[in-house]
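A structural walkthrough
One-letter residues, chain by chain:
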Amino acid sequence: MSHSNPSASTAHGHDHGHDHGHHKETFLTKYIFSQDHKMIGKQYLLTGMFMAVVAALLSLLFRLQLGWPEDTFPWLESILGDWAKGGRLDPSFYLALVTMHGTIMVFFVLTAGLSGTFSNLLIPLQIGARDMASPFLNMLSYWIFFLSTVIMLLSLFIESGPAAAGWTIYPPLSALPQAMPGSGLGMTLWLISMTLFIASSLMAALNYITTILNLRTPGMTMTRMPLTVWSFFTTAILGVLSFPVLLSAAVLLIFDRSFGTSFYLSEIFIAGETLNRTGGSPILFQHLFWFLGHPEVYIVLMPALGITSEVIATNARKPIFGYRAMVGSLLGISFLSFIVWGHHMFVTGMNPFLGNVFMILTLVIAVPSAVKTFNYLATLWKGNIRFTPGMLFAIGLVSLFISGGLTGIYLGNAALDINLHDTYFVVAHFHLVMGSASLFGMLAGVYHWYPRMFGRMMNEKLGYLHFWLTFAAVYMVFFPMHFMGIDGVPRRYYNFTGFEYMAEWMDLNRFISISAILGSAAQLIFIWNFFSSMRMGKKAPMNPWNSNTLEWTAPVEHLHGNWPGEIPHVHRWPYDYSRPGASEDFIPQTVKDDDLPEELRKPSVQPVPHHAEKEAVPTETLLFSRLLQALGFRKA
Amino acid sequence: MDATLSRTTGPVRKKNKLHAKEFLLWAFLVSVFMIFAGLTSAVIVRRADGNWLEYVLPSAFWWSTAFVLLSSISLQWSLVQARRDELGKLKLGLVLTLFLGLLFLFSQWVAFQQMVSVGLYLVGNPSTSFLYVITGLHGLHMLSAVVVLFVIFAQVFQYKVHSKNMLSIRLGTLYWHFLGVLWIYLYVFFQLIF
């Protein structure tokens, strides 16, 4: 890379106070304890990818059990020892696998790996800042996350096995160390790891919010921010408000486990003895948990939605349709996500009136979600689409968001939930709309910003192969689960051979397992592509996708401070694609109006599409604009 | 139009006059508040389930409240002294505040002793467990604030706190006041609940 040969033209920028990045660097300060947001982003990405591989392997183990419950796999015993005696998984280890798969995917891959990677990489670069508000806190946040990762992985290697109470760790399974093998040391390590994880996410989120509000370059008003930054912003706000509540829940749980209190435990008989616990309520834990848990699914999803907005607009060569509606729907989803947690608890004996309230609020989320879907489709409509691998994954996200979101309308219904609760219908729903959609957003982001991270292009052909295999596998794995769920097949069961009515689903289970194996194998293509392209990929030009946003104006080199000279100033919104009359089909945010032909100057914040010049501005756009003015985000 | 703005590094100061670190602290306070909002909501939810032991709050909590109020006043006074570069009075104010902060923690300890002496232990009815855990968690935060204040106190001797360098004491004061307000919220909450 060119950082070994700093050119004379960049030298004048060094006296502007960002020379702290040019001290003599050791391997340690450059790659390990780096305070450069770009390096921290890569650290998050690599850790996230590693954890994704672990979680995928765990899922293959339990898919093996579900697909071939009667068969034995002697090689399993040589890997897992007593957890697979005689080549068959131990039932409580099966539960541990499900728990760890969920925990790792939700928190370590799709929260830290997705939001951590792209918030770190893109927030400073896209708003024109030299780094985060507190680079040190940023580094600390990664290393605490790393520590929590290590502890979570360590819990896979203890004799009694990792936590097995489900990723939601409902008491009493999580509160009584003697409840099951995984409730002992495994659960303790889970709690320690998650406490560190919460501290790390809080540090990161506080940093993201402060950076976005305080360090925007001149001209970068809130309504000129790329939608990626908006989505990271709302995600960070959700994190700051919801993770502390999970911490409260965990503190009470730790007291129940270790100090004998009864916050979540009521009268319990276990192993023939009566425990000296009284008056606790396991439902209380569910309230506290889901107050985090529901915002958490949007913490997972929203960065993926933001990435998709950016990738789709860039590759459709069109302004994103309804920029303000996109921002408004992010804010709407964020707000609603805090008042719908009860829909996870419809069958806990909740007052039916309360259930109705939660049901209506839940169904209201369909509105901002539909706004986003509509806007994605409208952006694609008549676009000059370039089907890059990143674009395919972004479109894939839209597909999964629709097919997974529709079943949310069923599950949000309190009456239907009596039937569907804890069945494979739920598994199908959240794997499509939260799991796969977010993973697709993450992959879209990796393909799209790979040249920004490593200065080289990923192999497109391998990218297409990876996309189509993954896309097919995701639907082959999760779509059939809807039918099992409607038939009442419960989730988290070790095997279904003991139930006559479930026997007919045996073949389908095997089909799902085979699809899961194929889908996981397809990820090897991606991993190969990712690592080999670092060395062998085509050298990328500075702005390979002809994109408008600021990150493509900074050279890809090891440069703490992002821009060798002055930071770029912003003169327009980020979606000036295909303006009629312009010499090129994109106008970067740094281009001044004065440099454009007369007919293209104003309005620069939200241009009216050329084919709709005569139409009035939609009312909701006006309303939202007023709201932003009232909040001080825009000048009146 | 951007001629007045910093073109190089550093925060872009526009309408938003808050220092980035001050904003960071505010956001942190929001997250601390959410911890206690979560816990106090848990108390309300749990209490509605019945089987809830009612008892009189220990009298030492009155002393805690008095100490925390006085310490906020003395710290605010110290802040004013720092702004006026009156380092002698600043040191006096900080010592007084630190002392009051330690007295607050001590009074919390006394309150726990009072609870134990009438047979209200951590383990037992959730209503007592909640009191111990919530006030204990607040006490831990207060302990961290005492440490922070001690660091600021040490900075005064290195001539790092004065009218041109107010950031650390401003942030420390904000955190201290927040914990004071949080204590009063918790105390009023417990008064209403028990």
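Basis of the calculations
- Residues numbered from 1 in each chain as written.
- Chains lettered and ligands numbered in written order.
- Predicted model: local features only at pLDDT ≥ 70, side-chain atom pairs only at ≥ 80, totals over all residues.
- Heavy atoms only, no water.
- Helix = DSSP H or I, 4+ residues; strand = E, 2+ residues; numbered from the N terminus.
- Buried < 20%, exposed > 50% of the residue type's maximum accessible area, 1.4 Å probe, protein only.
- Contact = heavy atoms within 4.5 Å.
- Areas by Shrake-Rupley, 256 points an atom, 1.4 Å probe, with all protein chains shown as cover.
- Domains from an automatic or database assignment.
- Buried area = accessible area lost by both parts, 1.4 Å probe.
- Salt bridge = Lys/Arg side-chain N within 4 Å of Asp/Glu carboxyl O.
- Polar contact = N/O pair within 3.5 Å; in protein donor to acceptor, adjacent residues only side chain to side chain.
- Nonpolar A, V, L, I, M, F, W, Y, C, P; charged D, E, K, R; others polar.
- Axes fitted to C-alpha atoms, helices over the stretch in contact; angles between N-to-C directions.
- Parallel < 35°, antiparallel > 145°, perpendicular 65-115°, else oblique.
- Left-handed = near helix turned anticlockwise from the far one by under 90°.
- Phe/Tyr/Trp six-rings, centres within 6.5 Å; stacked < 30°, edge-to-face > 60°.

A closer look at the overall build of chain A
When its secondary structure is counted, chain A shows 18 helices and 2 strands. Split into buried and exposed, the 636 residues of chain A put 62% on the buried side. Pairs at least 24 apart in sequence give 78% of the contacts found in chain A among residues at least 6 apart. Carbon and sulfur atoms make up 67% of the accessible area of chain A, which totals about 24400 Å².

Here's the deal with the domain arrangement of chain A
Residue and element names in this part refer to chain A. Examined at the domain level, chain A breaks down into domain 1 (36-221 + 231-280), domain 2 (292-539), domain 3 (554-604) and domain 4 (606-636). Once you take the C-alpha centre of each, domain 1 and domain 3 turn out to be 41 Å apart. On the domain 3 side, the residues contacting the 14 residues of domain 1 number 15 residues. Overall, the association of domain 1 and domain 3 removes approximately 1200 Å² of surface from exposure, summing both partners, and the carbon and sulfur fraction of that is 51%.

Quick notes on the interface of chain B and chain A
Residue-level contacts link 36 residues of chain B with 45 residues of chain A. Between chain B and chain A, the buried area comes to about 3400 Å², and carbon and sulfur atoms account for 70% of it. Run the count over chain B and chain A and you get 0 salt bridges. The interface formed by chain B and chain A includes 2 residue pairs in polar contact (both at pLDDT 80 or more). In terms of residue count, helix α1 (residues 20-48) of chain B provides more of the side of chain B that touches chain A than any other element does, 14 residues in total. Taken together, the residues of the side of chain B that touches chain A sort by class into 20 nonpolar, 10 polar and 6 charged.

Quick notes on the packing of helix α2 (residues 60-83) of chain B against helix α5 (residues 167-193) of chain B
Residues and elements named next belong to chain B. Where α2 meets α5, the closest approach of the two axes is 10 Å, and the angle between their N-to-C directions is 160 degrees. Between α2 and α5, the angle falls in the class roughly antiparallel. By crossing handedness, the relation of α2 to α5 is classed as left-handed. When the residues that make up the contact of α2 with α5 are grouped by side-chain class, the tally is 12 nonpolar, 11 polar and 2 charged.

Some points on the packing of aromatic side chains
Residue and element names in this part refer to chain A. For the structure shown, the criterion picks out 71 aromatic pairs over all chains. On the numbers, 5.6 Å between centres and 65 degrees between planes, the contact of Phe107 with Phe197 is edge-to-face. Placement of the pair is Phe107 in helix α5 (residues 91-127) and Phe197 in helix α7 (residues 185-214), with a sequence separation of 90 residues. On the basis of an interplanar angle of 50 degrees and a centroid distance of 6.5 Å, the ring pair of Phe107 and Phe243 is categorised as tilted. Placement of the pair is Phe107 in helix α5 and Phe243 in helix α8 (residues 227-258), with a sequence separation of 136 residues. According to the relative accessible area criterion, Phe243 is buried, its value standing at 2%.

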